[in-house]
Amino acid sequence: MEEKKKIVQHRPKSFYIKKYLTILVGAFIAAIGLELFLIPNEVIDGGIVGISIMMSSITGMSLGIFLVVLNLPFLYLGYKQIGKNFAIATLVAICLLSVWSAVFASFPKVTDDPFLAAIFGGIVDGLGVGLIIRAGGSLDGTEIVAIIMDRKSVFSVGEVVMFINLFILSAAGLLYGWDKAMYSLVAYFVISKMIDVVIKGLDESYAVMIVTNEHEEITSALNDRLGRGVTLLHGAGGYTGESKEVLYCVVTRLEVDKLKEIVLEKDESAFVTINVVHDIVGGRFKKKAIH
């Protein structure tokens, strides 16, 4: 058992090089979004980053100091509840963001328009944060709290994060004015959407399940016309007990309509469900031309 555990935990050096290089680039990009767009226009992000920006504005101290100090308790929670690798990656990401923020703090801001700053700063910052999350780290201690609360309460991670950020953005309204708080809300929305794009990818994949009596013809057509492998599952109707064959395959967003056309062409009474797939590991799934 111990030998198996060691094998599972073993990772090649290239894995860690890629992981921490991605975190380095992500922190670099996030710092540009903060220091060249958001912070000079008194527009803030949510979470601990937003609190750090406000504390830096009030005290005049470096943003990096608050990023590290305020995240330390959450890092400990992350280490205990999520794991050592996550905690280390998050600590590295926070330290790198602190360094890059200090570097870019003296640079002139890109725009004086707070709305443009919220939009483009949100895009840049979200891109950087998304890369860090993809690499297995985080910049925001509130997300760690949300993950832990999700396990122990009826609230989802998204609901907890939104609830916390409502207080943070309200504080921004008291500090900078309510117009800046509304711009901050716009920035927060853009950042969250950009993170989703980076994590999920621009070209989403979809898992498709097809309940049909014409499984052989549909399987052959999907193989020939879409070039997709199909897994055959044996099932039965819950009410009638009648045997049913269920086909399972994964396609790209551009292939969904073609798949539905093929299925209905072969079996008009087929039952099809389609769900978004956020990530694919292993197998031989590749993007193919539609024909």
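For clarity, every value in this text was computed on a predicted model and none was experimentally measured.

Calculation criteria
- Residues numbered from 1 in each chain as written.
- Predicted model: local features only at pLDDT ≥ 70, side-chain atom pairs only at ≥ 80, totals over all residues.
- Heavy atoms only, no water.
- Helix = DSSP H or I, 4+ residues; strand = E, 2+ residues; numbered from the N terminus.
- Buried < 20%, exposed > 50% of the residue type's maximum accessible area, 1.4 Å probe, protein only.
- Areas by Shrake-Rupley, 256 points an atom, 1.4 Å probe, with all protein chains shown as cover.
- Pairing = 2+ DSSP bridges.
- Axes fitted to C-alpha atoms, helices over the stretch in contact; angles between N-to-C directions.
- Contact = heavy atoms within 4.5 Å.
- Core = buried A, V, L, I, M, F, W, Y, C linked by side-chain atoms within 4.5 Å.
- Polar contact = N/O pair within 3.5 Å; in protein donor to acceptor, adjacent residues only side chain to side chain.
- Phe/Tyr/Trp six-rings, centres within 6.5 Å; stacked < 30°, edge-to-face > 60°.
- Salt bridge = Lys/Arg side-chain N within 4 Å of Asp/Glu carboxyl O.
- Parallel < 35°, antiparallel > 145°, perpendicular 65-115°, else oblique.
- Left-handed = near helix turned anticlockwise from the far one by under 90°.
- Nonpolar A, V, L, I, M, F, W, Y, C, P; charged D, E, K, R; others polar.
- Patch = residues over 30% accessible without salt bridge, like charges linked within 9 Å, V, L, I, M, F, W, Y side chains within 5 Å.
- Expected span 1.5 Å × (residues − 1).
- Arc of directions from axis to C-beta.

Asks: Mind laying out the overall build of the chain, listing which residues take part and the relevant values?
Replies: Looking only at helices and strands, the chain has eleven helices and four strands in total. The buried share of the chain, reckoned over its 291 residues, is 39%. Working note: accessible area of the chain is about 16400 Å², and carbon and sulfur atoms make up 63% of it.

Asks: Describe the sheet that holds strand E2 (residues 231-236), listing the residues and the values that go with them.
Replies: Here we have four strands laid out as an open sheet, ordered E2-E3-E1-E4, and antiparallel in their pairing. Of all strands in the sheet, those bounded by a partner on one side alone are E2 and strand E4 (271-277). Neighbour-to-neighbour, the strand axes of the sheet open up by a mean angle of 25°, direction not taken into account. As paired elements, strand E1 (residues 205-212) and strand E3 (residues 243-252) share eight bridges and run antiparallel to each other. When the bridges of E3 are listed, Thr212 appears paired with Glu245. Across the face of the sheet, helix H10 (residues 215-226) comes into contact with E1, E2 and E3 while running at roughly 10° to E3.

Asks: Please set out the nonpolar core residue by residue, giving values where relevant.
Replies: When a protein is soluble and globular, its nonpolar side chains tend to lie buried together. In this structure, Ile44, Ile53, Leu97 and Leu139 are the most contacted members of the largest nonpolar core, which totals 34 residues. Broken down by secondary-structure element, the contributors of at least two residues to this core are helix H2 (13-38), helix H3 (47-59), helix H4 (63-81), helix H5 (84-104), helix H6 (114-134), helix H8 (157-176) and helix H9 (178-200). With nine residues, H2 is the largest single contributor of residues to this core. Setting aside residues no more than four positions away along its own chain, Leu97 makes contact with Ala27, Ala30, Ala31, Leu34, Leu67 and Leu139. Counting 15 residues, the second largest nonpolar core, distinct from the first, contains Tyr206, Ile218, Leu226 and Ala270.

Asks: Any chance you could break down the side chain of Arg228 for me, citing the residues and the numbers?
Replies: Mapped onto the elements of the fold, Arg228 is located in the loop between H10 and E2. Only 3.1 Å separates the side chain of Arg228 from the side chain of Glu255, close enough to count as a polar contact.

Asks: If you had to explain the packing of aromatic side chains to someone new, which residues and values would you point to?
Replies: One pass over the structure, following the stated rule, counts five aromatic pairs. Here the aromatic rings of Phe15 and Tyr16 are separated by 5.2 Å at their centres, their planes lie at 85°, and the arrangement is edge-to-face. By relative accessible area, which is 32% here, Tyr16 ends up partly exposed.

Asks: Describe the pattern of salt bridges, with residues and values.
Replies: Oppositely charged side chains can pair when the atoms bearing their charge come close. According to the stated counting rule, one finds six salt bridges in the structure shown. Between Asp112 and Lys109 there is a salt bridge; the shortest N-O distance is 2.9 Å. When the shortest N-O distance is used, the salt bridge between Arg225 and Glu265 registers 3.1 Å. Pair noted here: Arg225 is in helix H10 and Glu265 is in helix H11 (residues 256-266), with a separation of 40 residues, a long-range link. Classification of Arg225 as partly exposed rests on a relative accessible area of 22%.

Asks: So what's going on with the packing of H2 against H6? Which residues, and what values?
Replies: Two numbers describe how H2 lies on H6: the axes approach to 7 Å, and their chain directions differ by 165°. One element, H2, and the other, H6, form an angle in the roughly antiparallel class. Once H2 is placed against H6, the crossing between them reads as left-handed. In this structure, H2 uses Thr22, Ile23, Val25, Gly26, Ala27, Ile29, Ala30, Ile32, Gly33, Leu34, Phe37 and Leu38 to contact H6, whose residues at the interface are Ala117, Ala118, Phe120, Gly121, Gly122, Val124, Asp125, Leu127, Gly128, Val129, Leu131 and Ile132.

Asks: Before we move on, can you summarise the pairing of E3 with the specific residues and values?
Replies: Burial of E3 is extensive: seven of the ten residues sit out of reach of the surface. With six bridges connecting them, E2 and E3 associate as antiparallel partners. Residue pairing across strands places Thr231 opposite Tyr248, the latter belonging to E3.

Asks: Quick rundown of the packing of H10 against H11? Include the residues and the values.
Replies: Packed helices, taken two at a time, are described by the angle between their axes plus the distance between the axes. At a minimum axis separation of 10 Å, H10 and H11 run at an interaxial angle of 145°. As for the relative orientation of H10 and H11, their crossing is right-handed in sense. Together, Glu217, Ile218, Ala221, Leu222, Arg225 and Leu226 of H10 and Lys258, Leu259, Glu261, Ile262, Val263, Glu265 and Lys266 of H11 make up the contact between the two elements. The residue makeup of the contact of H10 with H11, split by class, is seven nonpolar, no polar and six charged.

Asks: Got a sec to walk through a nonpolar patch on the surface? Specific residues and values, please.
Replies: A cluster of nonpolar side chains, Phe115, Leu116, Phe120 and Ile123, forms an exposed patch at the surface whose accessible area comes to about 350 Å². Within the element layout of this structure, Leu116 appears in helix H6.

Asks: Residue-level account of H10, with values.
Replies: Taking 1.5 Å of rise per residue, twelve residues should cover 16 Å, and H10 covers 16 Å from first to last C-alpha, within 8% of that figure. Within H10, burial applies to Ile218, Ala221, Leu222 and Leu226. Here the buried residues of H10 occupy an arc of 100° about the axis, which is enough to place them on one side. Exposed and oriented more than 90 degrees from the buried face of H10 are Glu216 and Asp224. Lining the buried residues of H10 we find E1, E3 and H11. Positioned one or two residues after H10, Gly227 has a phi angle of 70°, which is positive.

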